[in-house]
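Each chain, letter by letter, is given below.
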Amino acid sequence: MQNVGLGVMVFSIPCSRSSDFTGYLTNDTLNGLLVQQSGATIVLEHRFFGLSNPYPDISPQSLAVLTIQQAIEDLVYFTRNVNLPMPGGDKVKPDTTPWILVGGSYSGALTSWTMVNAWYLLCWLLVFGRRTSYGRLLGVFQANMPQNCSSDVQRVIAYLDALYAVNDMEKVQEFKATFGLRALSHIDDFAVALDLKFVDWEKMSPSTGPGAMLYQFCDALEVKGGQIADRNGWGLKHAIQAALNPCHVKIRNQNLYQGYTRMTHSVEGN
């Protein structure tokens, strides 16, 4: 049996497909680094994301089992029944081997809830970045992105909010078409796509250079006729028109593609 003295580290990934997080299986991450000498690491896909769908559709009836309790029970079932692809992998159970559940964002909250609900299951708990106010978290993105870019992105999102508030679905459809996302049937999916700029900033590190996708996007949005917008940006009209600029379309589509495929992957995979 392979030595798993440190234990089995499970990262229940937050609201995405597992293929986006395979890096956590390597020692480039804390997860892999801790267990590379004596342990195992797992990236576990959450139900209804990626290909982990208990039903062949995402109807309201099917989504009725998309609950926190069901997610906790998934973790319990997995640890008790999984046969890991290694020598003795069928004998690595919570009653004989430490199982370490880690997470951040929603998966961090799920880690905490599992520890309370199924305390007998896990020997160790790691939660990164606990937050009680998600509004404050978004404020960090807004404050540290290029201010002109942040201002205009927020204007675009506010415009969509206003259309939705008065139920002007005809203009919503026109707005989605401007961004090449008319195929998204749910307005909240479209809103998430517009919000991806803030996620791009979150993924950056101190070593990220000026060629990062976020900076390319902001340059295309905030440089007009050789002039750079001040911290207030160019305004809503320009921000929407910039979406039609051929150079910006290429950058925007690259930037939206990952988020768009995440939102549609569950349906396409059925």
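Structure: see above.
Residues numbered from 1 in each chain as written. Predicted model: local features only at pLDDT ≥ 70, side-chain atom pairs only at ≥ 80, totals over all residues. Heavy atoms only, no water.

Enquirer: Got a sec to walk through unusual backbone geometry? Specific residues and values, please.
Expert: Of note, F48 is a non-glycine position whose phi angle comes to about 75°, a positive value. Secondary-structure assignment places F48 in the loop between β2 (40-44) and α2 (60-63). For F48, a relative accessible area of 5% puts it in the buried group. In the Ramachandran plot, N167 falls in the positive-phi region, its phi being about 60° despite a non-glycine side chain. Relative to the helices and strands, N167 is located in the loop between α6 (147-165) and α7 (169-178). (Helix = DSSP H or I, 4+ residues; strand = E, 2+ residues; numbered from the N terminus. Buried < 20%, exposed > 50% of the residue type's maximum accessible area, 1.4 Å probe, protein only.)

Enquirer: Report on the side chain of K176, specifying residues and quantitative values.
Expert: Within the secondary structure, K176 is located in helix α7. Look at K176: it is buried, it has no salt bridge, and the nearest opposite charge is D189 at 8.8 Å. Setting aside chain neighbours within four positions, we find K176 in contact with L181, R182, L184, S185 and F190. (Lys, Arg positive; Asp, Glu negative; His and termini not counted. Salt bridge = Lys/Arg side-chain N within 4 Å of Asp/Glu carboxyl O. Contact = heavy atoms within 4.5 Å.)

Enquirer: Kindly report on the packing of α6 against helix α8 (residues 187-194), identifying the contributing residues and their values.
Expert: Two numbers describe how α6 lies on α8: the axes approach to 10 Å, and their chain directions differ by 170°. Classified by the angle their axes make, α6 and α8 are roughly antiparallel. Note on element contacts: α8 touches α6 through I187, F190, A191 and L194, opposite V153, V156, I157, L160 and Y164. For the contact of α6 with α8, the class distribution of residues is 9 nonpolar, no polar and no charged. (Axes fitted to C-alpha atoms, helices over the stretch in contact; angles between N-to-C directions. Parallel < 35°, antiparallel > 145°, perpendicular 65-115°, else oblique. Nonpolar A, V, L, I, M, F, W, Y, C, P; charged D, E, K, R; others polar.)

Enquirer: Got a sec to walk through the pairing of strand β3 (residues 99-104)? Specific residues and values, please.
Expert: Side-chain direction in a regular strand flips from residue to residue, so the side chains alternate between the two faces of the sheet. Counting buried positions over the 6 residues of β3 gives 5, a clear majority of the element. With 4 bridges connecting them, strand β1 (residues 8-12) and β3 associate as parallel partners. Each residue of the ladder has a partner; that of F11, found in β3, is V102. (Pairing = 2+ DSSP bridges.)

Enquirer: Tell me about the pattern of salt bridges, and please be specific about residues and values.
Expert: Tallied over the full model, the rule gives 4 salt bridges. Between R17 and D20 there is a salt bridge, with the nearest N and O atoms lying 3.3 Å from each other. Overall, the relative accessible area of 18% leaves R17 in the buried class. Since its relative accessible area comes to 29%, D20 is described here as partly exposed. For D74, the salt bridge is made with R47, and the minimal N-O distance between the two is 2.6 Å. You can see D74 sitting in helix α3 (residues 68-81) and its partner R47 sitting in the loop between β2 and α2, a full 27 residues away along the chain. Owing to a relative accessible area of 27%, D74 belongs among the partly exposed residues under this scheme.

Enquirer: How would you summarise the packing of α6 against helix α10 (residues 213-222) if you had to cite specific residues and measurements?
Expert: For the pair α6 and α10, the least separation of the axes is 9 Å and the interaxial angle reads 75°. Here α6 is positioned roughly perpendicular relative to α10, judged by the angle of their axes. For the pair α6 and α10, the contacting residues are N148, C149, D152 and V153 in the first and F217, C218, L221 and E222 in the second. Considering only residue class, the contact of α6 with α10 consists of 5 nonpolar, 1 polar and 2 charged.

Enquirer: So what's going on with the layout of surface pockets? Residues and values would help.
Expert: Size it by volume and the second largest pocket reaches roughly 180 Å³. Along the walls of the second largest pocket sit 13 residues, with L44, E45, H46, R47 and D74 positioned nearest its centre. Its residues assigned to classes, the lining of the second largest pocket comprises 7 nonpolar, 3 polar and 3 charged. (1 Å grid on protein atoms, 1.4 Å probe; cavity = no way out; pocket = protein on both sides within 12 Å on 5 of 7 lines; lining within 4 Å. Points joined across faces, edges and corners; volume = space filled by probe spheres on them.)

Enquirer: Could you give me a rundown of the packing of aromatic side chains, with the residues and numbers involved?
Expert: Under the criterion given, the structure shown has 9 aromatic pairs. An angle of 35° between the planes, with centres 5.9 Å apart, marks the rings of F21 and Y24 as tilted. Residue class for F21 comes out buried when judged on its relative accessible area of 16%. Given the relative accessible area of 31%, Y24 is considered partly exposed. Put simply, the rings of Y159, F175, F179 and F190 pair up and form one aromatic cluster. Over the ring of W234 we find K224; its NZ or CZ atom is 4.1 Å from the centre of that ring. (Phe/Tyr/Trp six-rings, centres within 6.5 Å; stacked < 30°, edge-to-face > 60°. Lys NZ or Arg CZ within 6 Å of the ring centre and 35° of its normal.)

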